[in-house]
Amino acid sequence: MSNSTGDKPSTPLHSVSVAGAVIREDGRMLVIKRRDNGNWEPPGGVLELDETPEEGVVREVLEETGIHVEVEQLTGVYKNMSRGIVALVFRCKPSGGEERPTSEATAVEWLTPDEVKEHMGKVYAIRLLDAINENITKVRTHDGKKLN
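Sequence order as written defines the numbering, with residues in each chain counted from 1. For this predicted model, a pLDDT threshold of at least 70 governs which residues receive local features, and a threshold of 80 or more governs which side-chain atom pairs are given and counted, while totals over whole chains, interfaces and linings are taken from all residues. With hydrogens and water stripped out, all remaining heavy atoms of the structure feed into the side-chain values.

Q: Which residues make up helix 3 (residues 122-132), and what values do they have?
A: Categorising residues by exposure relies on relative accessible area from a 1.4 Å probe, with only protein chains included: less than 20% of the type maximum marks a residue as buried, more than 50% marks it as exposed, and the intermediate range marks it as partly exposed. Helix numbering and strand numbering both begin at the N terminus, where a helix is a DSSP run of H or I of at least 4 residues and a strand a DSSP run of E of at least 2. Burial within helix 3 is extensive, with eight of its 11 residues counted as buried. Listing the buried residues of helix 3 in full gives Val-123, Ala-125, Ile-126, Arg-127, Leu-128, Leu-129, Asp-130 and Ala-131. Note on contacts: a residue pair is in contact if any heavy atoms of the two residues lie within 4.5 Å. Tucked into the core, helix 3 has its buried residues touching strand 1 (15-22), strand 2 (29-34), strand 5 (67-80), strand 6 (85-97), helix 2 (113-119) and strand 8 (138-142).

What follows is the structure, given as structure tokens:
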């Protein structure tokens, strides 16, 4: 809805995505190499209208990696200010399945926190690194490349 002067809608439109910070008992974290852009990122995607955030993260991680997960807790909320995308990141533990390339991922790996810092862009690495802190939920903004 816009007003008669052609201004922006009174209700901003945001896209909501979910991602899994899947952490094994040995501390390694599940990441995918995206087929569309070649970037290493946590598995995740757009939340569907008829699912809860927890259901969405379980579905996305399984679709992109072959790994079944149990959701533990929300660890971060990240907004891409330039694109209006809000990402909810949940710490998860693996509960079955086997990692495999998928239609969305050319590779699926378990990385150490140091490897995450080395191989991933900062706006995605921080989502996994924030999830290591047990009882702290972070709220951060970025422009797609750098954290604000």
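Past the structure itself, the notes keep going.
Q: Requested: an account of the nonpolar core, with residues and values cited.
A: By nonpolar core we mean a set of buried residues, namely Ala, Val, Leu, Ile, Met, Phe, Trp, Tyr and Cys, connected to one another through side-chain atoms within 4.5 Å. Among the nonpolar cores identified, the biggest contains 18 residues, and Val-31, Val-116, Met-120 and Leu-128 are the most heavily contacted of them. For this core, the secondary structure elements donating two or more residues are strand 1, strand 2, strand 6, strand 7 (105-111) and helix 3. For this core, the element with the highest residue contribution is helix 3, accounting for five residues. Apart from the residues within four sequence positions on either side, Val-116 is in contact with Met-29, Leu-111, Ala-125, Leu-128 and Leu-129. The next biggest cluster of nonpolar side chains, apart from the first, holds 16 residues, and it includes Val-22, Ile-32, Leu-47 and Trp-110.

Q: Requested: an account of the side chain of Asp-130, with residues and values cited.
A: Tracing the backbone shows Asp-130 in helix 3. For Asp-130, a relative accessible area of 3% translates into the label buried. Ignoring sequence-local partners within four residues, the contact set of Asp-130 consists of Tyr-78, Lys-138 and Arg-140.

Q: Can you lay out the sheet that holds strand 3 (residues 40-41) for me, pointing to particular residues and giving the numbers?
A: In a beta sheet, neighbouring strands pair by backbone hydrogen bonds and run either parallel or antiparallel. Taken in spatial order, the three strands of this open sheet run 3-2-7, and their pairing is antiparallel. Edge positions in the open sheet fall to strand 3 and strand 7, since each of these has one partner strand only. Should DSSP find at least two bridges between two strands, the strands are taken to pair.

Q: Break down helix 1 (residues 53-65) for me, citing the residues and quoting the values.
A: The length a helix should cover is 1.5 Å for every residue beyond the first. Over its 13 residues, helix 1 runs 18 Å from end to end, which matches the ideal 18 Å to within 8%, given 1.5 Å per residue. Those residues of helix 1 lying buried are Gly-56, Val-57, Arg-59, Glu-60, Val-61, Glu-64 and Thr-65. Buried-residue contacts for helix 1 involve strand 1, strand 2, strand 4 (44-46), strand 5, strand 6 and strand 7. Looking one or two residues beyond helix 1, the residue adopting positive phi is Gly-66, at roughly 85 degrees.

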